[in-house]
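Now for the letters of each chain:
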Amino acid sequence: MDGELGRESDLGSPDPLALRLAGGDPAAPRELVERHHAELYRYARILLRDTPAAEDAVQEAFSKAFAALGRYSGERIGAMRLRPWLYRIILNVVRNAWRDGRFEVPVAGTPEGGGGRCGVVPGVTGADEEAWMDVLWALGRLSERQRVAVSLRYLEDLPYAGISAATGWPENTCKTLVRRGIGRLGALLSDGSDEKEAVR
Amino acid sequence: MNERETRMPGEEGKDGRVAGLLGDAASRLTPRGDPDELVERVLSRGTDRLFSCDSPLGEIYAAVGERGVRFVGRASSPDEFARRYRERFGRLLSWGTDGATRRLADRMVAALAGEKVEVQADLSGTTPFQRRVLEVVAGIPRGEVRPYAWVAREAGSPKASRAVGSVMANNPVPLLVPCHRVVKNDGTTGSYAFGAGEKVGLLRGEGVPVEEISGSPYLATPTTGIFCHATCRNARRIQPENRRRFRSSQAATKAGFRPCEVCRPVVTG
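Along each chain, residues carry numbers from 1 onward, in the same order as the chain's sequence is written. For this description, chains carry letters from A and ligands carry numbers from 1, given in the order in which they are written. Since the coordinates come from a predicted model, pLDDT governs what is reported: local features require at least 70, and pairs of side-chain atoms require 80 or more to be given and counted, while whole-chain, interface and lining totals use all residues. Each side-chain value is worked out from all heavy atoms of the structure, with water and hydrogens disregarded.

Asker: Looking at this structure, I do not really get the overall build of chain A. What am I missing?
Answerer: Under the DSSP-based scheme used, a helix requires at least four consecutive residues in state H or I and a strand at least two consecutive residues in state E, with every element numbered from the N terminus. Helix and strand counts for chain A come out as 11 helices and zero strands. When its helices and strands are written in sequence order, chain A yields α-α-α-α-α-α-α-α-α-α-α. Buried means the residue's accessible area, taken with a 1.4 Å probe over protein chains only, is under 20% of the maximum for its type, while exposed means over 50%, and partly exposed covers the values in between. The buried share among the 200 residues of chain A stands at 57%. Throughout, a residue-residue contact means that at least one pair of heavy atoms, one from each residue, lies within 4.5 Å. Of all intrachain contacts in chain A linking residues separated by at least 6 positions in sequence, the fraction that spans at least 24 positions is 71%. Carbon and sulfur atoms form 49% of the exposed surface of chain A, whose accessible area is close to 7900 Å². The Shrake-Rupley method, run with a 1.4 Å probe, gives the accessible areas here. Residue values count only the displayed protein chains as cover.

Next up, the structure:
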């Protein structure tokens, strides 16, 4: 991914973009969006399992983020770890969507049944496509907390400190959730074929 | 901390394959549509837009919200202008790279050059009194000036001349709301947020006879018995030999003249 830059900010070293936002650089908001919108979309897409809803969530998350940055002092902005902060904002947006019942996530079902709507890279065929769709299907069967933790760890590549910052959960809790989530995913993917067949 | 080291024991083998599959899934979930369009949409919703343009005061910056221009000023850099904006309005500024902001910038340049072009100002960040004052001032035509007392009266608070002065000093959209066209009650130009000299220069550029009206801001003519602000379009038509100059409206009324119904000079006492 866009890894290195975002990762630096996860670990608390000064994020050059945070400093530029603090200083008022009018090119900085665009860079913030360009740097993070794809990964935030992906995360929201995993959690909401609906493409337009994920797009809306990204819009709303950035609006909330910019509104907050407008209220903060320059000093506070300059010290921010932007990446986990954005993940935290979009998680709240997603939770609101869940709470409103707009996107009640069904526990069973193959979420990717809709095919092209989710922005599949063209040219992917057969077994390949099946494999990653199975992964998304299996992710959808994890508990909410496990799904959040596993997505942040393995799809978004956040370190545990970043996951903790993005969720508000203690780091050890995040580690446990990821470990158990991965274990369950493994089981679902290797042994869950019956279960899968059953819902198809 | 190297994040590879934070992986848990037992993530090799089967779990490692799961991780690989997750990474693969991640790389395939990309937003649809044109990324530039998406970024533009996010920016226009979440931030206000900034542009710089040429003006009679040199390069100025302008901040545009959903409902129009909210802030105009000079600054040492775009960053400095955006910082000030954030502190005053609580919003971030991003460069106005969208079509709407570009078109607005073009209209603003034209308007500041004296063309009759509408540029919407958003005065929602002001108090009701400030807004009334700014709206009155926005109506003073190019080439004309009005005294503080007149603005106060027109805004419905005839005793608030001094308050009008402080509204002028904090005008969020100078030039667009032409606070430089508000002068002291004796016709001298007075102070200006960008400097008294700049004010004189701006008014001269708009064709105001600054020296002529200083100390004698009212003109009357015996042919009609009417007196006006000296820059009123009616006053400017008075033949030179008929011009009677007055320092105050009281002096003009005392001499038997009645106020013009177009420029409505303030008559007290």
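Read on, since the account is not over.
Asker: Even after reading the chapter, I still don't get the interface of chain A and chain B, so can you show me in this structure?
Answerer: As a measure of interface size, the accessible area lost when the parts come together is often cited. Of the residues lining the interface, 65 residues belong to chain A; the matching set on chain B comes to 45 residues. Here the buried area means the combined drop in accessible surface, using a 1.4 Å probe, for two parts upon being joined, counting both sides. Summing the contributions of chain A and of chain B, the shared interface buries around 4600 Å²; its carbon and sulfur component is 63%. The largest per-residue losses of area from chain A upon contact with chain B belong to Pro26, Gln59 and Tyr154 of chain A, which jointly make up 16% of the total buried on that side. A side-chain nitrogen of Lys or Arg and a carboxyl oxygen of Asp or Glu constitute a salt bridge if their distance falls within 4 Å. The tally of links between chain A and chain B comes to two salt bridges. Where Glu55 of chain A meets Arg32 of chain B, a salt bridge forms, and the shortest distance between an N and an O atom there is 2.7 Å.

Asker: Please clarify how the packing of aromatic side chains should be interpreted in this entry.
Answerer: What counts as a ring pair is set by centres within 6.5 Å for rings of Phe, Tyr and Trp (its six-membered ring), and what kind of pair is set by the plane angle: stacked under 30 degrees, edge-to-face over 60, tilted for all other angles. Across all of its chains, the model carries 11 aromatic pairs over all chains by this definition. When the centroid spacing of 5.9 Å and the interplanar angle of 75° are considered together, the rings of Tyr218 of chain B and Phe227 of chain B count as edge-to-face. For the pair Tyr218 of chain B and Phe227 of chain B, one class covers both residues: buried. Here, over-ring charges are defined by two tests on the NZ atom of lysine or the CZ atom of arginine: distance to the ring centre within 6 Å, and angle to the ring normal within 35 degrees. One cation-aromatic arrangement involves Arg153 of chain A over Tyr160 of chain A; the distance from NZ or CZ to the ring centre is 5.3 Å. Its end group placed over the ring of Trp150 of chain B, Arg146 of chain B keeps NZ or CZ at 5.3 Å from the ring centre.

Asker: Whenever I open this one, the pattern of salt bridges confuses me. Can you help?
Answerer: Any two side chains of opposite charge can pair, so long as their charged atoms come close to each other. All names here are of chain B. Evaluation of the coordinates by the stated rule reveals 25 salt bridges over all chains. Arg70 serves as the salt-bridge partner of Asp122, at 3.6 Å between the closest nitrogen and oxygen. Separated by 52 residues along the polypeptide, Asp122 in the loop between α4 (99–112) and α5 (128–138) and Arg70 in strand β3 (residues 68–73) bring together distant segments of the chain. Here Asp122 falls in the buried class, since its relative accessible area comes to 9%. A salt bridge links Arg204 to Glu211; its shortest N-O distance comes to 2.4 Å.

Asker: Before we go on, may I ask you to explain the pairing of strand β2 (residues 58–65) of chain B in this structure?
Answerer: Successive side chains on a regular strand alternate, one facing one side of the sheet and the next facing the other. Residues and elements named next belong to chain B. Within β2, six of the eight residues are buried, which leaves it mostly tucked inside the rest of the structure. Pairing geometry for strand β1 (residues 48–55) and β2, over seven bridges, is antiparallel. Along β2, the bridge assignment pairs Cys53 with Ile60. For two strands to be treated as a pair, DSSP must find no fewer than two bridges joining them. The hairpin turn running from β1 into β2, its antiparallel successor, is two residues long. Bridge analysis of β2 against β3 gives five bridges, and the strand direction is antiparallel.

Asker: Before we go on, may I ask you to explain the side chain of Glu40 of chain B in this structure?
Answerer: Relative to the elements of secondary structure, Glu40 of chain B occurs in helix α2 (residues 35–46). Given the relative accessible area of 18%, Glu40 of chain B is considered buried. Here Arg49 of chain B takes part through its side chain, which lies 2.8 Å from a polar atom of the side chain of Glu40 of chain B. For Glu40 of chain B, the residues in contact, after removing those within four places along its chain, are Arg30 of chain A together with Arg49, Thr97 and Asp98 of chain B. Polar contacts here mean pairs of N or O atoms no more than 3.5 Å apart (in protein, one a potential hydrogen donor and the other a potential acceptor; neighbouring residues in sequence count only if both atoms are side-chain atoms).

Asker: What exactly am I supposed to notice about the packing of helix α3 (residues 28–48) of chain A against α2 of chain B here?
Answerer: Axes, fitted as lines to C-alpha atoms, cover a helix only where it is in contact. Angles between the N-to-C directions of the axes lie from 0 to 180 degrees. At a minimum axis distance of 10 Å, the contact between α3 of chain A and α2 of chain B shows a crossing angle of 130°. If you check the angle between α3 of chain A and α2 of chain B, you find them oblique. Note that α3 of chain A runs across α2 of chain B; the crossing there is right-handed. Contacts between α3 of chain A and α2 of chain B pair Pro29, Arg30, Val33, Glu34 and His37 of chain A from the former with Leu38, Val39, Glu40, Val42 and Leu43 of chain B from the latter. Grouping the amino acids of the contact of α3 of chain A with α2 of chain B by side-chain chemistry returns six nonpolar, one polar and three charged. Orientation labels follow simple angle bins: below 35 degrees gives roughly parallel, above 145 gives roughly antiparallel, 65 to 115 gives roughly perpendicular, and whatever is left gives oblique. Two helices crossing with the near one rotated counterclockwise from the far one by less than a right angle form a left-handed crossing, whereas a clockwise rotation gives a right-handed crossing. All residues other than Ala, Val, Leu, Ile, Met, Phe, Trp, Tyr, Cys, Pro, Asp, Glu, Lys and Arg, Gly among them, are scored as polar; the first ten of these are nonpolar and the last four charged.

Fair warning: the whole summary comes from geometry, so function is off the table for now.
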